[in-house]
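What follows is each chain in one-letter form.
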Amino acid sequence: MKYAIVGFGTAGYHALKAIRTQDPKGEIDVYTNTSMPPYNPMLTTYYAVGKLEYEGMFPFGSLESIQKEFPFELHQEEAIKVHSEEHSVETANGQKEYDRILIATGARAFAPPVKGLKPENAYLMRTVEDAQRLKERLQQGDVKNAIVVGASMVGIKVVEVLQKQGINTWLLDLAPYIFPLAAYPQVAQVIQERVEQQGVHLKFSVTIDHMEEEDGQQIAVLTDGSRIPTDIVGLCIGTRTNTQVVDEKIALGKGIIVDQHMQTNVPGIYAAGDCCEGNNLENGQTQLIGLWANANRQGTTAGNNMAGQEMVYEGNILHNITRFMEMDFIGFGDNRIEGEVLEYGTLGKGMYIRLVLKDHRIAGANILDNCSISGIVKNYMLRLFGGDTGKLPVYQRAALESAGLSSAFLDELEGKIHGCH
Ligand SMILES: Cc1cc2nc3c(=O)[nH]c(=O)nc-3n(C[C@H](O)[C@H](O)[C@H](O)COP(=O)(O)OP(=O)(O)OC[C@H]3O[C@@H](n4cnc5c(N)ncnc54)[C@H](O)[C@@H]3O)c2cc1C
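The rules behind these values
Residue numbers here run from 1 along each chain, matching the order of that chain's written sequence. Residue-level local features of this predicted model are given only where pLDDT is at least 70; pairs of side-chain atoms are given and counted only at 80 or more, and the full residue set underlies all totals for whole chains, interfaces and linings. In this analysis, residues qualify as near a molecule or strand once their C-beta atom, positioned from backbone atoms, comes within 6 Å of it. Secondary structure follows DSSP: runs of H or I at least 4 residues long count as helices, runs of E at least 2 residues long count as strands, and numbering of each begins at the N terminus. Note that domain bounds follow an automatic or database assignment of domains. Think of a nonpolar core as buried Ala, Val, Leu, Ile, Met, Phe, Trp, Tyr and Cys residues chained together by C-beta atoms that fall within 7 Å. Between the buried cut of 20 or more and the exposed cut of 12 or fewer other C-beta atoms within 10 Å of a residue's own C-beta lies the partly exposed class, and all C-beta atoms are placed from the backbone. Think of it this way: build a C-beta for each residue from its backbone, and any pair within 7 Å is a contact. Residue polarity follows a fixed list, in which Ala, Val, Leu, Ile, Met, Phe, Trp, Tyr, Cys and Pro are nonpolar, Asp, Glu, Lys and Arg are charged, and the others, Gly among them, are polar. Two strands pair if DSSP finds at least two bridges between them. Only the contacting stretch of a helix is used when fitting its axis, a line to C-alpha atoms as for every element, and angles between N-to-C directions run 0 to 180 degrees.

1. Regarding the site of the ligand
Piece 1. In the vicinity of the ligand, 36 residues are found, and the nearest of them are Gly7, Gly9, Gly106, Gly273 and Leu291.
Piece 2. Secondary structure elements with two or more residues in the shell around the ligand: helix H1 (10–22), helix H2 (44–48), helix H5 (153–164) and helix H7 (292–306).
Piece 3. No fewer than three residues from each of domain 1 (2–106 + 242–306) and domain 2 (110–238) sit in the shell around the ligand.

2. Remarks on the nonpolar core
Piece 1. Ranked by size, the top nonpolar core spans 66 residues in total, and within it Ile147, Val148, Val149, Val158, Val233, Ala365 and Met381 carry the most contacts.
Piece 2. With seven residues, H5 is the single largest residue contributor to this core.
Piece 3. If sequence neighbours within four positions are ignored, Val148 has contacts with Gly155, Val158, Val159, Thr169, Leu171, Gly234 and Cys236.
Piece 4. Counting residues in hydrophobic clusters, the runner-up holds 43 residues, among them Tyr13, Phe72, Val246 and Ile256.

3. Digging into the domain arrangement of the chain
Piece 1. What the domain assignment reports for the chain is domain 1 (2–106 + 242–306), domain 2 (110–238) and domain 3 (326–418).
Piece 2. The C-alpha centroid of domain 2 is placed 31 Å from the C-alpha centroid of domain 1.
Piece 3. Counting from both sides, the interface comprises nine residues of domain 1 and, opposite them, 11 residues of domain 2.
Piece 4. Grouping the constituent residues of the side of domain 1 that touches domain 2 by class yields seven nonpolar, two polar and no charged.

4. A look at the environment of Val245
Piece 1. Relative to the assigned elements, Val245 resides in the loop between strand S17 (238–241) and strand S18 (269–271).
Piece 2. The class for Val245 is buried, based on 23 C-beta atoms found within 10 Å.
Piece 3. A sequence separation of 53 residues divides Val245 from Gln192, and the C-alpha atoms of the two residues are 40 Å apart.
Piece 4. Once residues within four sequence positions are removed from consideration, Val245 is found in contact with Val6, Ala79, Lys81, Val82, Ile103 and Thr105.

5. Side note on the sheet that holds strand S1 (residues 2–6)
Piece 1. Read from one edge of the open sheet, five strands run S3-S2-S1-S7-S18, paired in parallel fashion. Among the strands making up the open sheet, the edge pair consists of strand S3 (73–75) and S18. Pairwise comparison of adjacent strand axes, ignoring direction, gives a mean angle of 20° for this sheet.
Piece 2. Relative to strand S2 (residues 27–31), S1 runs parallel, the two being bridged by five bridges. Residue pairing across strands places Ala4 opposite Asp29, the latter belonging to S2.
Piece 3. Packed on one face of the sheet, H1 meets S1, S2 and strand S7 (100–103) and runs near 175° to S2.

Shown next, in the form of structure tokens:
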């Protein structure tokens, strides 16, 4: 059997591992448009701020060590097109046919142009090169003021990098509060207060309209008319899927459409990771999920199915688990859904959890200042979305209690979820 993996991030790596495990003799070609081993984009900001060595961004080791463990042929060349009829991968050097092809090309940072912003002062954050570029600029020592646009998980990490360097930093977003896709407004408010206490300026419901220059200083003119001097601008507004490689026969939404086996509408052609849409178990719809663990599971699922070992990936819920500026924030599920609110702890004073309950399920959860309970809470949410009506297993309840949640709170939660079934 001949396999191609196009794109070698974490999804491509996990597919390689699964294929090689299932099919020790198969021929596997890996196409990558970088000279680096698969890296973890989440770690790039830690490298930029000097918290992590360069090698730390590559969780699976060097290309040589991966090749030794899971032998494959490396093609360090960009795939131009995956042709569905011919079942082939085209590069500048020609075209080669395969039995199974995986598209795992990920996503790229995207930002619309800002009028007047010089390219040398604009910083995106996704790749190792992005991190290197920011690190080098910070080492020059000429950045005194900075603006980051996008109060997302990525944006806050860039803010942290800048603030740690003693740079006067602004964080802006068109949304009314921080982490608009994950946080409840009350929780966002406390996070904002803490971020401000650490010296970062926040401004919401605005963005940069254009840049001007005044006496050699760059000035950001905001949509509310205010003017902020800034040397650099971090643009952490969003991502776009890398789907340019697919031909017109492969079904596309915002990402590549796949089934639960990670197969596209073209038999034998699969997709996994940030380039494809995943199933959101909360609403049953497919959508871009853009999470590390999701890419891993999708890659493993695709690889197994490609090699003939059936595996199903049912999907995930939206989740954000992030540590920044000495705090942990966790958001699960859809924060737009309204329902009965159940809280534990005092917001801003130690471990706090806010759950929104709807239809005997946990529609959304925010946890502040304790990441140890996140796995159990997510697992419980997933089981409820999957139709399981059982209560928390004894060992999970015990773990939540030993993390600090009271037995009365857990009784109340289980009572509300399971009470009227
Ligand atoms: C700063 C930052 C913070 C993040 N924080 C979190 C977090 O807290 N939690 C979380 O779960 N996730 C987080 N993520 C998201 C997470 O990193 C991604 O979901 C995950 O890395 C996706 O993996 P992937 O393999 O699908 O794609 P990628 O890592 O993008 O890998 C795709 C690879 O394919 C290559 N490629 C693209 N096109 C071609 C082509 N035509 N030919 C050959 N090669 C190609 C690319 O160069 C790349 O190497 C964060 C991301 C960033 C940038």
